[in-house]
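# Working through the structure, step by step
Single-letter residue listing:
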Amino acid sequence: MPETIGPAIARDRLSARLRELRASQGLSPAEVAERLHWPESAIEEMESGRSLPSPRKLEDLLGLYGVEGLAAENLFLLDHIARSRFWWARHGMSEAYQDFVAYEAEAGRICIYQPLVVPGLLQTRRYAVAAAATILGVAEDDPAIVARADVRLERQGRVADRVASGERVEFVAIVDEVVLRRRIGGDDVMREQLGHLAEQAGLPHVTLVVLPTALGGHPGLGGVFELLEHESDPGLSTVFIESATDDQILRGAAVGTYRQIVTKLRSTGLAGDDAVALVREIHAEI
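Presented here is an overview of the structure given in this document. All values reported here derive from a predicted model rather than from experimental measurement.

## Some points on the overall build of the protein chain
A tally of helices and strands in the protein chain yields 12 helices and seven strands. By its C-alpha atoms, the protein chain is 70 × 40 × 35 Å across when sized along the principal axes. Among the 286 residues that make up the protein chain, the fraction classed as buried is 48%. For the protein chain, the proportion of contacts with a sequence separation of at least 24, taken over those separated by at least 6, is 73%. Accessible area of the protein chain: about 13,900 Å², with a carbon and sulfur share of 50%. Distance between charge centres in the protein chain, computed from 30 positive and 43 negative side chains, equals 1 Å.

## Overview of the packing of aromatic side chains
Enumeration according to the criterion identifies two aromatic pairs in this entry. Ring centres of Tyr 113 and Phe 225 lie 5.9 Å apart, and the angle between their planes is 40°; this geometry places the pair in the tilted category. Taken together, the residues Tyr 113 in strand 1 (residues 109-114) and Phe 225 in strand 4 (residues 225-229) connect sequence positions 112 residues apart. Of the two residues, Tyr 113 and Phe 225, both sit in the buried class.

## Considering the sheet that holds strand 7 (residues 270-271)
Taken together, the seven strands give an open sheet; going across it, the order is 6-5-4-1-2-3-7, and neighbouring strands pair in mixed fashion. Edge positions in the sheet fall to strand 6 (247-250) and strand 7, since each has one partner strand and no second. In the sheet, strand 4 pairs with strand 5 (residues 238-242) via three bridges, with the strands oriented antiparallel. Paired with Leu 228 across the two strands is Thr 238, which belongs to strand 5. Sitting on the sheet, helix 11 (residues 253-268) touches strand 1, strand 2 (170-176), strand 3 (206-211), strand 4, strand 5, strand 6 and strand 7, and the angle it makes with strand 4 is about 110°.

## Observations concerning helix 12 (residues 272-285)
Between its first and last C-alpha atoms helix 12 spans 21 Å; for 14 residues at 1.5 Å apiece the expected length is 20 Å, and the two agree. By the burial criterion, the buried members of helix 12 are Ala 275, Val 276, Leu 278, Val 279 and Ile 282. End-on, the buried residues of helix 12 take up no more than an arc of 155°, which puts them together on one face. Exposed residues pointing more than 90 degrees away from the buried face of helix 12 are listed as Asp 273, Asp 274 and Ala 284. Where helix 12 is buried, its residues meet helix 9 (177-181), helix 10 (187-201), strand 3 and strand 7.

## Observations regarding the side chain of Glu 229
Checked against the element boundaries, Glu 229 lands in strand 4. Those residues within four positions of Glu 229 in sequence are excluded, and the remaining contacts are Ala 107, Gly 108, Arg 109, Ser 237 and Arg 259.

## A look at a nonpolar patch on the surface
Taken together, Ile 135, Leu 136 and Val 138 make up a surface patch of nonpolar side chains, about 240 Å² in accessible area. Overall, the relative accessible area of 34% leaves Val 138 in the partly exposed class.

## Topic: the packing of helix 4 (residues 55-65) against helix 5 (residues 69-82)
Packing of helix 4 against helix 5 brings their axes to within 11 Å, and their N-to-C directions diverge by 150°. Compared by their axis directions, helix 4 and helix 5 come out roughly antiparallel. Our pair here, helix 4 against helix 5, has a crossing hand that is right-handed. On helix 5, the residues touching Pro 55, Leu 58, Glu 59 and Leu 62 of helix 4 are Ala 72, Leu 75, Phe 76 and Asp 79.

## Some points on the packing of helix 2 (residues 29-36) against helix 4
For the pair helix 2 and helix 4, the least separation of the axes is 11 Å and the interaxial angle reads 110°. By the angle between their directions, the pair helix 2 and helix 4 is classed as roughly perpendicular. Handedness of the helix 2/helix 4 crossing: right-handed. Residue-level contacts link Val 32, Arg 35 and Leu 36 of helix 2 to Asp 60, Leu 61, Leu 64 and Tyr 65 of helix 4.

## Overview of the environment of Glu 285
Position of Glu 285 relative to the elements: it lies in helix 12. Residue classification places Glu 285 among the partly exposed residues on the basis of a relative accessible area of 44%. Glu 285 sits 94 residues away from Arg 191 along the chain, and the two C-alpha atoms are 9.4 Å apart. In this structure the side chain of Glu 285 is engaged in a polar contact, spanning 3.0 Å, whose partner is the side chain of Arg 181.

Reading the values: the criteria
Residues numbered from 1 in each chain as written. Predicted model: local features only at pLDDT ≥ 70, side-chain atom pairs only at ≥ 80, totals over all residues. Heavy atoms only, no water. Helix = DSSP H or I, 4+ residues; strand = E, 2+ residues; numbered from the N terminus. Buried < 20%, exposed > 50% of the residue type's maximum accessible area, 1.4 Å probe, protein only. Contact = heavy atoms within 4.5 Å. Areas by Shrake-Rupley, 256 points an atom, 1.4 Å probe, with all protein chains shown as cover. Lys, Arg positive; Asp, Glu negative; His and termini not counted. Charge placed at Lys NZ, Arg CZ, Asp CG, Glu CD. Phe/Tyr/Trp six-rings, centres within 6.5 Å; stacked < 30°, edge-to-face > 60°. Pairing = 2+ DSSP bridges. Axes fitted to C-alpha atoms, helices over the stretch in contact; angles between N-to-C directions. Expected span 1.5 Å × (residues − 1). Arc of directions from axis to C-beta. Patch = residues over 30% accessible without salt bridge, like charges linked within 9 Å, V, L, I, M, F, W, Y side chains within 5 Å. Salt bridge = Lys/Arg side-chain N within 4 Å of Asp/Glu carboxyl O. Parallel < 35°, antiparallel > 145°, perpendicular 65-115°, else oblique. Left-handed = near helix turned anticlockwise from the far one by under 90°. Polar contact = N/O pair within 3.5 Å; in protein donor to acceptor, adjacent residues only side chain to side chain.

The following block contains the structure:
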């Protein structure tokens, strides 16, 4: 098992393995529940990842399925990792947002489409604070704003650490041109942000794509999203959609749909030196 695995992936792998083991025994959730004298809902919640089995319950399940030795040890390790509280758990975020940060922290390919503001992984602290305060309509020193900025900077740091350690991480940031021209936080904040964006776009693992306003309509007009992909285990790939009232994590067929959107946007917009040149041009205009 890879040492870099985190709680979100551990939980998904454990729930998937429990489903596979039950199916290999030819048992239904109801039959397992009857044999172990548990409610059927407990089996369904464990196999969906909505809850984790206690060590005793996991032992009972593995005993029923005839799993022992190294195979059992690996499942107990997955359960232990899935229960770990990583850095994002201390910020009081929604459960969906915590899951998103967990998946992002382990994704090999991160693709963000942002038509409104600079993507969080590329924001400066001053821009992050100004953007969050504007969106939520509160003061920049509000604890909720400070927490959001802290999370964004920690997310950036984690990606940078993974890259520095030699881990393969690809980051694709797709933005509308209007994002570069919308002066969040005032001229000084925006100049700093655009300078930082141009610098980050020059890193080997970062691809910046800018969709010119003159382009007109494009597939990204459906709204903000972040696609998180795991090449070694495609079943763990997810799409995160954030809104002012609700956060959603999508899986399954939705991943393929958003992957196609990313492909179309990348082929349509300005990328590489052309994207950076536009960023620097707008920076010079401020």
